[in-house]
Structures are given as structure tokens and as C-alpha cells.
Amino acid sequence: MPILVKNMPDKNKEQILLAVVFLLSLGLFLKGLSPTVYLGDNGDFLAAATTLGICHPTGYPTFILLSKILSFLPLGEIAFRLTLFSALMAALTLVTLFLLVKTWLQHWQIALWSTLILMGCSTLYSQAVIFEVYTFNAWLTTLIIWNVLLLLKTGKKAFLTSAGFFFEIGRA
């Protein structure tokens, strides 16, 4: 670790690492982001998000509603703007994974390396650069696991409520 970060308090170090993970991953995903309609369900999801319609069952209403927000950005084509949602969700998944591993193992280096390894994983990357529901579900899954881990570590029932909330969001 560079000298600059080595002598910092742990809380500041964690915040800087979270920002670096988020920006580095978002930059990587933006570099390969699909600028237009892609194969598979992509067109179905894009049409549903643009019109607030229903795509094939189960319809993924939470994903469609949240992604609609990005359709209002004044950037490129609507397909690019909506695909940006998948990149943001993948970056948030990596940030949450960092927090999860750091909470579990109490070791920021292992958390950073595990996050960087997943960032370079072709499966996550392939879903982060197209408009697909999988990165949103990955983010919700890491949030649920992190909240359950916090519940087990602290015993605070608020984490059970949070885990249940994210679980229900994922079901919708």
C-alpha cells in the first residue's frame, strides 16, 4: 500500500478504498458499455423500461422502475442510458462485496483483492455492459448477505429488517 494510505486511520482508508473500487469498476464497465440494443432479452428489457411496460414473466418491476430513472439523463441513446444502470449496479455489487468481506474477515487487504478478482471476472463484466437484470440481483444478494452477517456479528435486529427489505425488493 502506498505510504499515503499506510498511516491513515482505518475509517478513512476504508472510505478511500470504497471510492477507488467504485470508480475503477465503473470506469472499466463504462469502457465496454453497449451503446445500443444487444442480443437476448436486452430489447425486451429496454422497451419495458422506456415505456414502463411489462417484459416477459416475472416482469422484474423493481428493476424496470429503478432503471427508468436513468432514461432521463441527457446522454447518448436511451439504450446507453439504461445500460448504464447495469454498470452502476455491478459497481455497487463490488463495493458491497468489499464491505461484506471486510466485515467477515476483518482484513481490508483480502476484501480489496477479492473485490478486484470479481471485477476482472468475465461473468460479472459480461452482465455489467449490457442491460440485464443480473447485476441488480447480484447487488441485492450481496446486500442481504452483508446484513445477515452484521446481524450475526452484532445481534441488532435492524439488520434482519434490512435483509428482509432487500429480499422483498429482489422478489418484486
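The structure under discussion appears in the preceding block.
Residues numbered from 1 in each chain as written. Predicted model: local features only at pLDDT ≥ 70, side-chain atom pairs only at ≥ 80, totals over all residues. Heavy atoms only, no water.

K.L.:
How should I be thinking about the packing of helix α3 (residues 42-51) against helix α4 (residues 61-70) in this particular structure?
P.N.:
A packed helix pair is summarised by two numbers, namely the angle formed by the two axes and the spacing between the axes. At a minimum axis separation of 8 Å, α3 and α4 run at an interaxial angle of 65°. On the basis of their axis angle, the class for α3 and α4 is roughly perpendicular. Considering the relative orientation of α3 and α4, their crossing is right-handed. On the side of α3, the interface is formed by Phe45, Ala48, Ala49 and Thr50, while α4 contributes Phe63, Ile64, Ser67 and Lys68. (Axes fitted to C-alpha atoms, helices over the stretch in contact; angles between N-to-C directions. Helix = DSSP H or I, 4+ residues; strand = E, 2+ residues; numbered from the N terminus. Parallel < 35°, antiparallel > 145°, perpendicular 65-115°, else oblique. Left-handed = near helix turned anticlockwise from the far one by under 90°. Contact = heavy atoms within 4.5 Å.)

K.L.:
Honestly, the pattern of salt bridges in this entry has me stumped. Any pointers?
P.N.:
Side-chain pairs of opposite charge can arise where the charged atoms are in close proximity. Under the definition given, this model contains 2 salt bridges. We note a salt bridge from Lys102 to Glu14, for which the minimum N-O separation is 3.4 Å. With Lys102 in helix α5 (residues 78-105) and Glu14 in helix α2 (residues 10-31), the pair connects residues that are 88 residues apart, well separated along the chain. Assessed through its relative accessible area of 18%, Lys102 is described here as buried. (Salt bridge = Lys/Arg side-chain N within 4 Å of Asp/Glu carboxyl O. Buried < 20%, exposed > 50% of the residue type's maximum accessible area, 1.4 Å probe, protein only.)

K.L.:
I keep staring at the packing of aromatic side chains and nothing clicks. Help me out?
P.N.:
When we look at a pair of aromatic rings, we describe it by the centre distance and by the angle of the planes. Taken as a whole, this structure holds 10 aromatic pairs when the rule is applied. Plain terms: the ring middles of Phe63 and Phe136 are 6.1 Å apart, the flat faces sit at 45° to each other, and that makes the pair tilted. You can see Phe63 sitting in helix α4 and its partner Phe136 sitting in helix α8 (residues 134-154), a full 73 residues away along the chain. Here Phe63 and Phe136 have matching classes, each one buried. Connected via pairs of aromatic rings, a cluster forms that spans Phe45, Tyr60, Phe63, Phe85, Phe131, Phe136 and Trp139. (Phe/Tyr/Trp six-rings, centres within 6.5 Å; stacked < 30°, edge-to-face > 60°.)

K.L.:
What is the right way to read the packing of α3 against α5 from this model?
P.N.:
Here α3 crosses α5 at 95°, and the two axes come no closer than 10 Å. Relative to α5, α3 is oriented roughly perpendicular. Between α3, through Leu46, Ala49 and Thr50, and α5, the contact on the second element is made entirely by Ile78, Ala79 and Leu82. Here the residues of the contact of α3 with α5 are counted per class, giving 5 nonpolar, 1 polar and no charged. (Nonpolar A, V, L, I, M, F, W, Y, C, P; charged D, E, K, R; others polar.)

K.L.:
Looking at this model, I keep getting lost on the nonpolar core. Mind explaining?
P.N.:
Soluble globular proteins tend to pack their nonpolar side chains together in the buried interior. Counting residues in each nonpolar core, the largest one holds 41 residues, and the members touching the most others are Phe63 and Phe131. Put simply, the parts of the chain that give this core at least two residues each are α2, α3, α4, α5, α6 (108-119), α7 (122-128) and α8. A per-element tally of this core places α5 first, with 14 residues. (Core = buried A, V, L, I, M, F, W, Y, C linked by side-chain atoms within 4.5 Å.)

K.L.:
Looking at this structure, I do not really get unusual backbone geometry. What am I missing?
P.N.:
One non-glycine residue, Leu52, lies in positive phi territory at about 55°. Mapped onto the secondary structure, Leu52 falls in the loop between α3 and α4. The backbone of Gln106 sits at a positive phi, close to 55°, despite the residue not being glycine. For Gln106, a relative accessible area of 54% translates into the label exposed.

K.L.:
What's the story with the side chain of Gln127 in this structure? I'm lost.
P.N.:
Mapped onto the secondary structure, Gln127 falls in helix α7. Given the relative accessible area of 19%, Gln127 is considered buried. With sequence-adjacent residues up to four places away left out, Gln127 is seen in contact with Ser86, Glu132, Tyr134 and Thr135.

Don't take any of this as a statement about function, it's just geometry.
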